[in-house]
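A structural walkthrough
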Amino acid sequence: MATFLMLGKYSTEALKGISAARTKKATALIEKLGGQVKGIYALLGQWDLVCIVEMPSIEAAMQASVGLSKMTGIGFTTAPAVSVEEFDRLMAEK
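This report concerns the structure included in the present document. (Residues numbered from 1 in each chain as written. Predicted model: local features only at pLDDT ≥ 70, side-chain atom pairs only at ≥ 80, totals over all residues. Heavy atoms only, no water.)

Regarding the pattern of salt bridges
- Taken as a whole and judged by the stated rule, the model has two salt bridges.
- A salt bridge links arginine 89 to glutamate 86; its shortest N-O distance comes to 2.6 Å. Here glutamate 86 and arginine 89 lie together in helix 4 (residues 84-92), a separation of three residues that amounts to about one turn.
- A residue is classified by how much of its surface remains accessible, and glutamate 86, at 27% relative accessible area, is partly exposed. (Salt bridge = Lys/Arg side-chain N within 4 Å of Asp/Glu carboxyl O. Helix = DSSP H or I, 4+ residues; strand = E, 2+ residues; numbered from the N terminus. Buried < 20%, exposed > 50% of the residue type's maximum accessible area, 1.4 Å probe, protein only.)

Structural data, given as structure tokens:
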């Protein structure tokens, strides 16, 4: 599975819905799409939230990003990520 970072920005409405129950629903959506949540962190700065997830495909990552936005009102920017070790290996092959 591929790793994706989902960077979230709260809307005013999304702030009102913060709860452990919503987090469980979000995790369930990721799992329903065949993914696994590796970690969710609250942030200070440009982004309010980062979700580190493993997804079976880019299509599943897109479904998760849009699905979570619809469910929570949080706007997500989702990007694939590789470990530095994997990046070094990929660059050495070129």
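Quick look at the pairing of strand 3 (residues 49-55)
- Of all the seven residues making up strand 3, five are buried; the element is thus mostly covered by neighbouring parts of the structure.
- Pairing between strand 1 (residues 2-9) and strand 3: seven bridges, direction antiparallel. Opposite threonine 3, over in strand 3, you have glutamate 54 as the bridge partner.
- Relative to strand 3, strand 2 (residues 36-42) runs antiparallel, the two being bridged by six bridges. Residue pairing across strands places isoleucine 40 opposite cysteine 51, the latter belonging to strand 3. (Pairing = 2+ DSSP bridges.)

Looking at the sheet that holds strand 3
- The four strands are arranged 2-3-1-4 in an open sheet whose pairing can be described as antiparallel. Sheet topology places strand 2 and strand 4 (75-81) at the edges, where each strand pairs with a single neighbour. The mean angle between the axes of side-by-side strands here comes to 20°, regardless of whether they run parallel or antiparallel.
- The sheet contact formed by strand 1 and strand 4 spans seven bridges and is antiparallel. Paired with lysine 9 across the bridge in strand 4 is glycine 75. (Axes fitted to C-alpha atoms, helices over the stretch in contact; angles between N-to-C directions.)

Here we look at helix 3 (residues 58-72)
- Taking 1.5 Å per residue, 15 residues should reach 21 Å; helix 3 reaches 21 Å between its end C-alpha atoms and fits that length.
- Buried residues of helix 3: Ala60, Ala61, Ala64, Ser65, Leu68 and Thr72, and no others. Taken end-on, helix 3 shows its buried residues confined to a sector of 140°, consistent with a single buried face. Among the exposed residues of helix 3, those oriented more than 90 degrees off its buried face are Met62, Val66 and Lys70.
- Glycine 73 lies just past helix 3 and shows a positive phi near 80°. (Expected span 1.5 Å × (residues − 1). Arc of directions from axis to C-beta.)

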